[in-house]
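Spelled out from the first residue to the last, the chains are:
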Amino acid sequence: GAVVSQHPSWVICKSGTSVKIECRSLDFQATTMFWYRQFPKQSLMLMATSNEGSKATYEQGVEKDKFLINHASLTLSTLTVTSAHPEDSSFYICSARASPPDTQYFGPGTRLTVL
Amino acid sequence: AQTVTQSQPEMSVQEAETVTLSCTYDTSESDYYLFWYKQPPSRQMILVIRQEAYKQQNATENRFSVNFQKAAKSFSLKISDSQLGDAAMYFCAYTDFQGAQKLVFGQGTRLTINP
């Protein structure tokens, strides 16, 4: 149980285009989902907290107009990177909190490369 | 603010031996959860073990066990009978019941298994 999927697993796009990443909890409902960014050989950096039916809460320094988050249902959250630039290239990971047991389960991640 | 510290950037162990990964944390809360997550080369974050702070008994999951010392704010992970598949980055994480229950991660420990 507690499976989280993420799609796509990798994407290459041109600078200036937008990219949407989906995160789904497959076998549980998640009122709260989280989006992380991970640079090589580093820990996870929380970007934003996504709550079903309400606006996302962004961490300090994260541009909310560049990283649009929508949590439309109890099983789906999306992250849209708008007007992507090469510096946005990274590994993006989502998680969904199952409660009980108050534990975050992670998706497999999306590798974004912006040319 | 809560912090999590993993003082061992890298560890190595012989296959079939036992290894212990260290983690300390800082919090003023009395009720919280602690986790160990594993990130293999695939970069999928996998939950290894979970500990509720109110439980005095140390959590165990097959070959994985923790030594939870609440007063010392220490949460180490012991891996017995190490296997090649245990090679990964291991992250210690903390969460409490404040707000969205965000995870606070340590810097990670890279574990190498020597055959």
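As a reminder, the structure under discussion sits directly above these lines.
An account of the accompanying structure is given in this report. Every value quoted in this text rests on a predicted model; they were computed, and no experiment measured them.

This brings us to the pattern of salt bridges. Using the criterion set out here, one finds seven salt bridges over all chains in the structure. Here K66 of chain A makes a salt bridge to D88 of chain A, at a shortest N to O gap of 2.9 Å. Taken together, the residues K66 of chain A in the loop between β6 (57–58) and β7 (67–73) and D88 of chain A in the loop between β8 (76–81) and β9 (90–98) connect sequence positions 22 residues apart. A relative accessible area of 11% means that K66 of chain A is categorised as buried. D88 of chain A gets classed as buried once you look at its relative accessible area, which sits at 4%. R63 of chain B is paired through a salt bridge with D86 of chain B; the nearest N and O atoms lie 2.8 Å apart. One end of the pair, R63 of chain B, is in the loop between β7 (60–61) and β8 (64–69); the other, D86 of chain B, is in the loop between β9 (74–79) and β10 (88–96), and 23 residues separate them in sequence. Taken as a pair, R63 of chain B and D86 of chain B share a single burial class, namely buried.

On to the interface of chain A and chain B. Taken residue by residue, the interface counts 23 residues in chain A and 18 residues in chain B. Taking both sides of the interface into account, the surface hidden between chain A and chain B amounts to around 1700 Å²; carbon and sulfur atoms contribute 51%. Its largest share of buried area at the contact with chain B, chain A owes to S43, D102 and F106 of chain A, together 27% of the area lost on that side. Connecting chain A to chain B are one salt bridge. E59 of chain A serves as the salt-bridge partner of K102 of chain B, at 2.7 Å between the closest nitrogen and oxygen. Taken together, chain A and chain B are joined by ten residue pairs in polar contact (both at pLDDT 80 or more). Elements supplying a minimum of two residues to the side of chain A that touches chain B: β4 (32–38), β5 (44–51), β9 and β10 (103–106) of chain A. Each residue belonging to the side of chain A that touches chain B can be placed in one class, and the counts come to eleven nonpolar, eight polar and four charged.

A few words now on the sheet that holds β8 of chain A. All names here are of chain A. The strand order across the open sheet built from four strands is β1-β3-β8-β7, with neighbouring strands paired in antiparallel fashion. With one partner strand each, in any of the chains shown, β1 (4–7) and β7 form the two edges of the open sheet. Across the sheet, the axes of successive neighbouring strands diverge by a mean angle of 15°, strand direction being ignored. As paired elements, strand β3 (residues 19–25) and β8 share six bridges and run antiparallel to each other. Within β8, the position partnered with K20 by the bridge is T80.

Conventions used here
- Residues numbered from 1 in each chain as written.
- Chains lettered and ligands numbered in written order.
- Predicted model: local features only at pLDDT ≥ 70, side-chain atom pairs only at ≥ 80, totals over all residues.
- Heavy atoms only, no water.
- Salt bridge = Lys/Arg side-chain N within 4 Å of Asp/Glu carboxyl O.
- Helix = DSSP H or I, 4+ residues; strand = E, 2+ residues; numbered from the N terminus.
- Buried < 20%, exposed > 50% of the residue type's maximum accessible area, 1.4 Å probe, protein only.
- Contact = heavy atoms within 4.5 Å.
- Buried area = accessible area lost by both parts, 1.4 Å probe.
- Polar contact = N/O pair within 3.5 Å; in protein donor to acceptor, adjacent residues only side chain to side chain.
- Nonpolar A, V, L, I, M, F, W, Y, C, P; charged D, E, K, R; others polar.
- Pairing = 2+ DSSP bridges.
- Axes fitted to C-alpha atoms, helices over the stretch in contact; angles between N-to-C directions.

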